[in-house]
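# Structural characterization, general
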Amino acid sequence: MGNTQRFLAGVWVACAVACAAPPEVRFLSFAEVQDALTAFNRTEDAAAWDAWVRTQDRDVRARTDRGVEDSISNLILRGTSFTALPRVESAESATTSAGELVGAARARVRAAAAALAHPGTNERLLFACDFLSLRGVQPKETEAFLAANLVRFSQEQRGYQEKLSLAHKGSDPHEERFIWSTLFDQRGLSVDTSLLPNYALEDTLRAMLRKGALAPDSVRSIAVIGPGLDFADKRDGYDFYPLQTIQPFAVMEAVARLGLGKLDGLRLVTLDLNPAVNAHLQRAAKQARAGESYVLQLPLNGAGDWTPQAVAYWEHFGELIGSPAPSLAAPKGLSVRAVAIRPKYVASIEPLNLDVVAQVADGSGFDLVVATNILVYYDRFQQALAMAAIARMMNPGGAFLSNTVLPTQRPAALEYLGRRNVSYSASGSYGDDVVAYRRR
Ligand SMILES: C[S@@+](CC[C@H](N)C(=O)[O-])C[C@H]1O[C@@H](n2cnc3c(N)ncnc32)[C@H](O)[C@@H]1O
């Protein structure tokens, strides 16, 4: 990009920023949560509520550290940027039933500790080093800390599997759905993200448009709640590329592809409580204002049994908002596409520090709100509070989509439209249930 284009890009962003004042973030008021308090038999009065919601916000934000510890464990088990040792594919198999690390996991812990002593320019290792030093972990204690953390993580994962299989064996499908949709309500808040939930969102938006539940050219303002960062290796996430966020670009493009809105002038706000996520987006927007595009690496695991529709989504990702870029060398068995997202779209993202189970942003007026892989980290009451906050931030007629089946005790302002199952794998064993609501 030349200097003039760079200058124009800067002017465009300066105008966008100057023209739209950032929404004001505040705590949900007692009046706004009346429905939820009644539905969940809560006894707080106005004063007790004000104290409760502030304490809850502090407690929720405190869960981000545990989320980082989980991401570090995932990186240890499956990362390829710091070791050539074979990946340990499932966290549950990292420990014996007696709670000991298995040999392969112990070797990976040792390799990670050695790499953390000399992180070089590895962004994830540098992030982990900062985190450990803030936690007061001395270099000589690193290996023991990582090992204990991995044991805790592995056992927690096993607990989730057991809970799910018990629910599956039971005869009550409602109970099973309930277990699924609150499964992580005590877990650390992780940031991990990947491509496929965005395919589920686009597929659901397409179906809504087809059925007339959404009108063409009706979306001017979008909220992505919990955009995430592709930090650690999980299913369909890897560490051979720099940290990246995908969802803001995916939703922007879905809206344009489906004719739900026009790219130019589209407003996209991200709402997240994790400082690393918000700082990443702020940095990306700043660099974009200086004319830099945002390069996304998009891996496709050939052994992953993706449906032809999911593969097509991967193949076309970014074609409206970016251009092909060189992909980085990937581990064996992976195909990778890279896309450079145009600076003007990156610069148009407005990151907002907000805890959606306790706070709202006044003056938001969103026409479309998405929240995937976030509300599963909360209990039913917290989910109802998040729905109250979301309803408050939407324009009448707007749509809200999530891949967590949410409580029926919802604000009267949200009309339930239905649930759609979207499969990512041909066998149907990997996919998402997307629920959709309309703001009355
Ligand atoms: C597991 S990631 C999911 C990322 C992405 N939405 C996806 O589906 O791939 C969860 C994201 O939600 C954010 N998050 C968790 N709790 C939140 C809350 N109460 N308010 C706002 N953001 C939250 C996390 O910081 C993280 O960015």
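Below you will find a few notes about this structure.

Quick look at the site of the ligand now. Neighbouring residues of the ligand: 23 residues in total, closest Thr193, Gly226, Asp272, Thr372 and Tyr378. Asparagine 373 places a side-chain nitrogen or oxygen 2.8 Å from an oxygen atom of the ligand. Calculation on the ligand without its partners gives an accessible area of 600 Å², and the protein chains cover 99% of this total. For the shell around the ligand, the per-class residue count stands at 11 nonpolar, 9 polar and 3 charged.

Turning our eyes to something else, we now look at the pairing of strand 12 (residues 431-439). Here strand 10 (residues 394-402) pairs with strand 12 via 4 bridges, running antiparallel. Within the sheet, the bridge partner assigned to phenylalanine 400 lies in strand 12 and is tyrosine 437.

Of the pairings in the sheet, the one linking strand 9 (residues 366-371) to strand 10 comprises 5 bridges and is parallel in character. Bridge pairing in strand 10 links valine 370 to leucine 401. In this view, the connection linking strand 9 to its parallel neighbour strand 10 by way of helix 13 (residues 380-392) has right-handed handedness.

Before going further, it helps to spend a moment on the sheet that holds strand 9. Spatially, 7 strands are ordered 7-3-2-9-10-12-11 in an open sheet, and the strand pairing comes out mixed. The open sheet has two free edges, formed respectively by strand 7 (349-353) and strand 11 (414-423), since each of these has just one partner strand. Across the sheet, the mean angle separating the axes of adjacent strands is 20° when strand polarity is ignored. Where strand 3 (residues 267-272) and strand 7 come together, 5 bridges link them in parallel fashion.

Here 3 strands make up an open sheet; going across it, the order is 4-6-5 and the pairing antiparallel. The open sheet is flanked by strand 4 (294-301) and strand 5 (322-325), the only strands paired with a single partner. On average, each strand axis in the sheet is tilted by 30° relative to the strand beside it, whichever way the strands run. Strand direction decides the pairing type here: strand 5 and strand 6 (residues 334-341), joined by 4 bridges, are antiparallel. Bridge pairing in strand 6 places alanine 325 opposite alanine 338. Across the sheet, helix 11 (residues 308-316) lies against strand 4 and strand 6, angled at about 40° from strand 6, the strand it touches most.

Analysis parameters
- Residues numbered from 1 in each chain as written.
- Predicted model: local features only at pLDDT ≥ 70, side-chain atom pairs only at ≥ 80, totals over all residues.
- Heavy atoms only, no water.
- Near = heavy atom within 4 Å.
- Polar contact = N/O pair within 3.5 Å; in protein donor to acceptor, adjacent residues only side chain to side chain.
- Areas by Shrake-Rupley, 256 points an atom, 1.4 Å probe, with all protein chains shown as cover.
- Nonpolar A, V, L, I, M, F, W, Y, C, P; charged D, E, K, R; others polar.
- Pairing = 2+ DSSP bridges.
- Helix = DSSP H or I, 4+ residues; strand = E, 2+ residues; numbered from the N terminus.
- Right-handed = clockwise from strand over helix to strand, strands pointing away.
- Axes fitted to C-alpha atoms, helices over the stretch in contact; angles between N-to-C directions.
- Contact = heavy atoms within 4.5 Å.

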